[in-house]
Amino acid sequence: MLRLLWLIPALPLAGFLVLALFGGRFSRRQIVWVGCGSVGTAALVTALVGADFLRGFPDRPSYHQTLWNWIDTSGMTVGVSWYLDALSLLMVAVITGIGFLIHLYSVEYMSGDDGYARFFAYMNLFLAAMLTLVLADNLPLLYLGWEGVGLCSYLLIGFWYREPEYGAAAQKAFIVTRIGDTAFAVGLFILFTQLKSLSIQQVQTLAADAWPVGSNLAVIVAVLFLAGAVGKSAQLPLQVWLPDAMAGPTPVSALIHAATMVTAGVYLIARMHRLFELAPPVLEAVAVIGLLTLLLAACSALVQRDIKRALAYSTMSQIGYMFLALGVGAWSAALFHFLTHSCFKALLFLAAGSVIHSLRHEQDIFRMGGLRRQLPLTFWTFLIGAAAMSGVPFITSGFYSKDWILWSAWSSPLSHRWIWFGALLGTLLTGLYSFRLIFRVFFGEVRTPPSGAPGVAMLVPLVVLAFFAVTVGFLELPRTLGDLPLFSQYLSHVLPTIETIPGMDESVEAHEQIAVTCSALLGIGLAAVLFLPRANVADRLAGTSLGRTLLPFWQGGWGFDRMYDGLIVRPWLHLTRESGEIIDRCYESLVVAAESFHGWLSRTQTGHVRWYAATVAVGALVLLGLFAM
Amino acid sequence: MLTTHALVLAIMLFCIGLVGLLSRRNILYMLLSLEIMLNAASLAFIAGGARWGQADGEIMFLFILTLAAAEVSVALGIVLQLSYRFKTLDADAFSEMKG
Amino acid sequence: MEVLFYIAAVVTLVATVRVITHVHAVHALLYLVVALIALALIFYLLGAQFAAALEIIIYGGAIMVLFIFVVMLLGPLAVEQEKSWLTPGTWVGPSVLALVLLGEVGYLIAAGDHLPIDVMETRRKGISIVLYGPYIIGVELASMLLLPGLIGAYHLGRRVSKEPR
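A brief report on the enclosed structure follows.

Turning our eyes to something else, we now look at the overall build of chain B. When its secondary structure is counted, chain B shows 3 helices and 0 strands. Secondary structure elements of chain B occur, N-terminal to C-terminal, as α-α-α. Residues classed as buried in chain B amount to 67% of the 99 residues present. For chain B, restricting intrachain contacts to residue pairs at least 6 apart in sequence, the fraction spanning at least 24 positions comes to 57%. Summed over its atoms, the accessible surface of chain B is roughly 3,200 Å², and 70% of this surface lies on carbon and sulfur atoms.

Put into structure tokens, the structure is as follows:
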């Protein structure tokens with residue numbers, strides 16, 4: 001069964017090719033069968049391969065499959081080869097599983113759209129690229145997938161390309177992530193020139209041998225990789241593209257900009273963890289970036305009017321948690337939060353999409369309200385998602401993953417106390433902004449009446465994801481609550497387990513957990529006070545002078561857009577306009593020179609065949625003359 | 001000495017062909033001159049083959065023969081076409097490719 | 001043998017000169033046939049009997065017949081115009097060019113080595129073996145040349161369209 005591994009990325013790719021070539025001639029039903037069928041089959045194959053892999057798991061920690069040589073030049077061999085271990089199996093399972101559910105959801109959500117075949121073609125291509133990214137055995141192949149998901153992200157953000165704004169959002173996403181991608185590529189070049197290898201496993205072993213901890217090269221390469229991860233995962237300072245990326249259809253936001261692609265950065269850092277361990281200052285930077293992003297994005301999420309933008313900021317904030325966990329060396333915790341986050345964030349986006357769909361593309365939460373009774377199933381699933389995101393204790397998955405991260409931030413020797421306090425503040429804000437959405441959208445008076453409840457194809461993924469958003473957390477229970485470390489044992493074959501500073505026993509952990517729980521619940525309670533329509537404290541707060549200054553500032557994402565516009569975009573445009581004159585003149589002179597040469601030479605083209613024959617004869621004479629001499 | 005003299009004959013024939021090619025304006029005569037030059041070249045090859053006792057000279061002659069056959073068939077087609085369209089065989093009249 | 005060679009050479013030269021100087025196309029063609037036959041004799045004297053036969057059959061026969069057909073197709077040719085084109089002045093430039101070429105190559109030939117070995121006969125079998133051995137790619141290329149020649153001649157030879165482009 002393991003030999004079927006290559007099918008997992010190949011199936012969505014085949015789906016893409018079929019839809020791209022013949023999609024225009026297919027009926028909607030055929031498009032659905034191809035688009036969803038390829039992903040569904042890939043998910044099935046993943047289940048088979050995963051079962052086979054887990055059967056022999058601890059004895060055989062990885063499986064390697066080479067299909068063919070992609071690049072083979074002197075000194076560099078890059079194969080199209082897949083590498084399956086616990087980490088990539090986790091990623092593949094999440095991508096194909098959630099990918100399939102979202103495809104199923106799109107069948108109904110996109111049913112009124114003209115670009116039906118195009119949508120599924122892009123989605124399939126995205127899955128193929130994402131699977132290439134996580135299964136790649138070497139860095140160039142990983143980079144191929146990395147760029148592939150970037151391309152698909154661009155195509156899908158600009159899916160409704162007739163709106164110039166959406167096109168601009170797509171370009172922004174592409175260009176901003178390009179900065180990170182370029183850094184990543186430079187990192188690859190340095191790794192290859194220094195270590196003469198690009199295989200992910202081999203290069204890290206070589207690096208660990210060649211570079212001492214904290215050496216300059218290790219730090220430089222790790223910084224460059226971090227820049228790539230930061231760009232893809234929308235962390236500070238390259239986070240500005242993600243809120244605008246919500247221009248795409250909601251399933252796209254759910255799949256690409258919440259559940260899978262934006263976590264590629266997390267995957268990259270976890271995949272290259274041995275390299276990052278060689279560069280402790282960079283690891284610390286990862287934690288700080290994560291912390292800053294999670295706080296800034298949480299504040300922005302608190303004040304958004306657009307439901308999808310609010311969710312986008314919450315995504316950034318949650319990925320901030322993952323970065324924080326990576327930074328303090330809690331690799332498995334970061335991946336666990338990735339798993340739970342994928343479930344509940346996909347759920348939240350799909351539920352939000354179902355609200356938007358019912359309200360005929362209304363996204364402003366101030367025009368929503370009272371949907372609790374009209375859309376009961378959507379309400380309950382959204383509630384589960386929000387509860388999981390805010391970490392409602394004991395029953396939601398988000399509690400277990402976030403608690404693990406916070407405990408690591410408290411107990412890891414790589415962490416600092418202030419990081420923990422920042423993360424604790426984050427849990428409060430998370431509860432606040434999650435339940436703000438609930439109270440604004442589902443409570444109060446009805447502002448826009450829904451035009452109809454979502455159908456089966458949309459509800460099934462919601463229910464399935466809601467189920468997982470609750471139960472996935474039970475894969476890893478902390479010492480204080482049942483002590484069931486299934487997930488960390490599973491990943492311990494790939495990622496090192498976290499050390500704790502001495503003296504961190506169960507009673508300390510219990511106290512820390514109580515603090516986290518209280519903070520999350522306090523956030524939810526505060527949300528009830530502030531945003532429940534009856535209380536309506538928030539509007540009064542927004543009316544104060546502080547509120548009036550902070551509100552637009554936070555809504556615009558802390559002014560990063562304006563800063564980049566002023567610091568980079570405008571000066572650059574100015575420069576191009578000014579220097580255009582000079583550069584144009586250079587090219588013009590080139591044109592003039594070419595034209596005069598052309599006139600000169602074309603005079604020899606008389607059109608008389610005898611003239612040509614004579615010139616050939618003279619040429620022969622000259623050559624013979626040279627030979628005779 | 002015979003082969004050396006054959007080479008001299010070949011270059012003389014070639015020169016006569018070249019003179020014909022350059023001085024005649026009628027495109028048909030130009031083609032005839034080309035044939036003469038091709039013949040001169042094959043004579044040179046044959047003489048070379050005879051001088052060294054190698055078959056390669058005659059093989060080159062065969063190739064030149066093939067080339068001449070193909071060239072003549074196409075060139076005569078072009079001559080016919082030109083005479084239909086321009087009503088003349090004056091090579092200087094066909095200067096539409098002037099740069 | 002030697003005498004035969006020189007006689008044939010003189011015949012070839014004279015006939016060739018007449019080809020390029022004659023104003024009647026058919027006469028010029030007949031002179032060319034004479035020149036080709038004389039050349040075939042030279043080939044024979046140089047020991048290349050096969051080439052001599054081909055020279056007469058394909059050159060003197062097939063190719064010349066093609067020319068004659070075309071001359072017939074073209075209809076009456078303007079002899080007077082030919083005469084008016086053939087002013088002495090037209091000969092000067094090309095003749096100078098050709099004489100220089102003759103001088104150069106003559107010098108090269110004269111400067112070459114003069115070994116007493118003369119005509120060495122090649123066996124017919126040798127030609128075939130070499131032709132279909134090391135030169136097989138040349139044979140293939142020749143066939144590829146002939147096919148477009150056939151198609152081109154067919155296409156160009158048609159009397160076409162009332163409106164030329």
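Picking up where we left off.
Residue-level contacts link 81 residues of chain C with 69 residues of chain B. Approximately 6,800 Å² of surface area, both sides summed, lies buried where chain C meets chain B, with 78% of it carried by carbon and sulfur atoms. Looking at the side of chain C facing chain B, the largest losses of area belong to C:Tyr59, C:Phe67 and C:Trp85, adding up to 10% of the total buried there. Counting every contact that joins chain C to chain B gives 0 salt bridges. Counting only elements with at least two residues in the side of chain C that touches chain B, the list comes to helix 1 (2-21), helix 2 (25-45), helix 3 (49-74), helix 4 (79-85), helix 5 (88-111), helix 6 (124-131) and helix 7 (136-157) of chain C. At 13 residues, the largest contribution of residues to the side of chain C that touches chain B is made by helix 3 of chain C. When grouped by side-chain class, the residues that make up the side of chain C that touches chain B number 58 nonpolar, 15 polar and 8 charged.

Further remarks concern the interface of chain A and chain C. Each side of the interface is counted separately: chain A has 8 residues, and chain C has 7 residues. For the pairing of chain A and chain C, the buried interface totals around 610 Å² over both sides, and the portion due to carbon and sulfur atoms is 83%. Interface area lost by chain A to chain C is led by A:Leu621, A:Leu624 and A:Ala628, which between them contribute 72%. Counting the contacts that link chain A with chain C gives 0 salt bridges. At the junction of chain A with chain C, the criterion picks out 0 residue pairs in polar contact (both at pLDDT 80 or more). For the side of chain A that touches chain C, the residue count by class is 7 nonpolar, 1 polar and no charged.

All right, on to unusual backbone geometry then. All names here are of chain A. Following Leu236, the chain continues to Pro237 via a peptide bond in cis, the omega torsion being -5°. The residue Pro237 is located in the loop between helix 8 (216-232) and helix 9 (241-244) in this model. For Ala234, which is not glycine, the phi dihedral falls at a positive 55°. Take Ala234: it is sitting in the loop between helix 8 and helix 9. A relative accessible area of 0% places Ala234 in the buried class.

The full count for this structure, using the stated rule, is 28 aromatic pairs over all chains. Seen in terms of ring centroids, A:Phe467 and A:Phe468 are 5.5 Å apart; in terms of plane orientation they differ by 65°. Their pairing is edge-to-face. For A:Phe467, a relative accessible area of 51% translates into the label exposed. Ring geometry for B:Phe61 versus C:Phe43: centroids 5.3 Å apart, planes at 80°, classification edge-to-face. With B:Phe61 in helix 3 (residues 56-86) and C:Phe43 in helix 2, the pair connects residues from two separate chains. In this structure C:Phe43 comes out as buried when scored by relative accessible area, which is 0%.

Next up on the list: the side chain of A:His337. Residues and elements named next belong to chain A. Structurally, His337 can be placed in helix 15 (residues 331-358). A polar atom in the side chain of His337 sits 2.9 Å from the side chain of Ser401. Other than its neighbours up to four places away in sequence, His337 contacts Gln318, Tyr321, Met322, Phe344, Ser401, Lys402 and Ile405.

This part covers the pairing of strand 1 (residues 62-73) of chain A. All names here are of chain A. Where strand 1 meets strand 2 (residues 76-85), 10 bridges bridge the pair, whose relative direction is antiparallel. Bridged to Asn69 within strand 2 is Gly79. Where strand 1 folds back on strand 2, the antiparallel hairpin that results is connected by 2 residues, among which Gly75 adopts a positive phi of roughly 85°.

All names here are of chain A. For helix 17 (residues 376-390), built from 15 residues, the straight-helix expectation of 21 Å at 1.5 Å per residue is met to within 8% by its first-to-last C-alpha distance of 21 Å. Counting buried positions along helix 17 gives 11 out of 15 residues, so the element sits mostly inside the fold. For helix 17, the set of buried residues is Thr378, Phe379, Thr381, Phe382, Leu383, Gly385, Ala386, Ala387, Ala388, Met389 and Ser390. One or two steps after helix 17, the chain reaches Gly391, where phi turns positive at roughly 80°.

Ranked by internal contacts, the top residues of the largest apolar core, which has 213 residues, are A:Phe225, A:Met272, A:Phe276 and A:Leu335. Sorting elements by how many residues they give to this core places helix 15 of chain A first, with 18 residues. Grouped together as the second largest cluster of nonpolar side chains are 86 residues, B:Leu28, C:Ala28, C:Trp91 and C:Ile109 included.

All names here are of chain C. Along the chain, Ile42 turns up in helix 2. For Ile42, a relative accessible area of 0% puts it in the buried group. In sequence terms Ile42 and Ala9 are 33 residues apart; their C-alpha atoms lie 7.4 Å from each other.

Per the stated rule, a full pass over the model turns up 15 salt bridges over all chains. The salt bridge partner of A:Asp181 is A:Lys232, with a shortest N-O separation of 4.0 Å. On the criterion of sequence distance, the pair formed by A:Asp181 in helix 6 (residues 164-195) and A:Lys232 in helix 8 is long-range, its members being 51 residues apart. Here B:Asp90 ties to B:Arg25 by a salt bridge, and the two come within 2.8 Å at their closest N and O atoms.

Glancing now at the environment of A:Val176. Residue and element names in this part refer to chain A. Mapping Val176 onto the fold places it in helix 6. Considered as a pair, Val176 and Lys232 are 56 residues apart in the sequence and their alpha carbons are 8.9 Å apart. Not counting residues within four places of it along the chain, the set of residues in contact with Val176 comprises Leu238, Val240 and Trp241.

Glancing now at the packing of helix 13 (residues 280-303) of chain A against helix 14 (residues 307-327) of chain A. Residues and elements named next belong to chain A. Closest axis-to-axis distance for the helix 13/helix 14 pair is 7 Å, and the angle between their directions is 160°. With respect to each other, helix 13 and helix 14 are oriented roughly antiparallel. For the pair helix 13 and helix 14, the crossing hand works out as left-handed. Here Leu283, Val286, Ala287, Gly290, Leu291, Thr293, Leu294, Ala297, Ala298, Ser300 and Ala301 of helix 13 come into contact with helix 14, specifically with Ala310, Tyr313, Ser314, Met316, Ser317, Gly320, Tyr321, Phe323, Leu324, Leu326 and Gly327. When the residues that make up the contact of helix 13 with helix 14 are grouped by side-chain class, the tally is 15 nonpolar, 7 polar and no charged.

The rules behind the values
- Residues numbered from 1 in each chain as written.
- Chains lettered and ligands numbered in written order.
- Predicted model: local features only at pLDDT ≥ 70, side-chain atom pairs only at ≥ 80, totals over all residues.
- Heavy atoms only, no water.
- Helix = DSSP H or I, 4+ residues; strand = E, 2+ residues; numbered from the N terminus.
- Buried < 20%, exposed > 50% of the residue type's maximum accessible area, 1.4 Å probe, protein only.
- Contact = heavy atoms within 4.5 Å.
- Areas by Shrake-Rupley, 256 points an atom, 1.4 Å probe, with all protein chains shown as cover.
- Buried area = accessible area lost by both parts, 1.4 Å probe.
- Salt bridge = Lys/Arg side-chain N within 4 Å of Asp/Glu carboxyl O.
- Nonpolar A, V, L, I, M, F, W, Y, C, P; charged D, E, K, R; others polar.
- Polar contact = N/O pair within 3.5 Å; in protein donor to acceptor, adjacent residues only side chain to side chain.
- Phe/Tyr/Trp six-rings, centres within 6.5 Å; stacked < 30°, edge-to-face > 60°.
- Pairing = 2+ DSSP bridges.
- Expected span 1.5 Å × (residues − 1).
- Core = buried A, V, L, I, M, F, W, Y, C linked by side-chain atoms within 4.5 Å.
- Axes fitted to C-alpha atoms, helices over the stretch in contact; angles between N-to-C directions.
- Parallel < 35°, antiparallel > 145°, perpendicular 65-115°, else oblique.
- Left-handed = near helix turned anticlockwise from the far one by under 90°.

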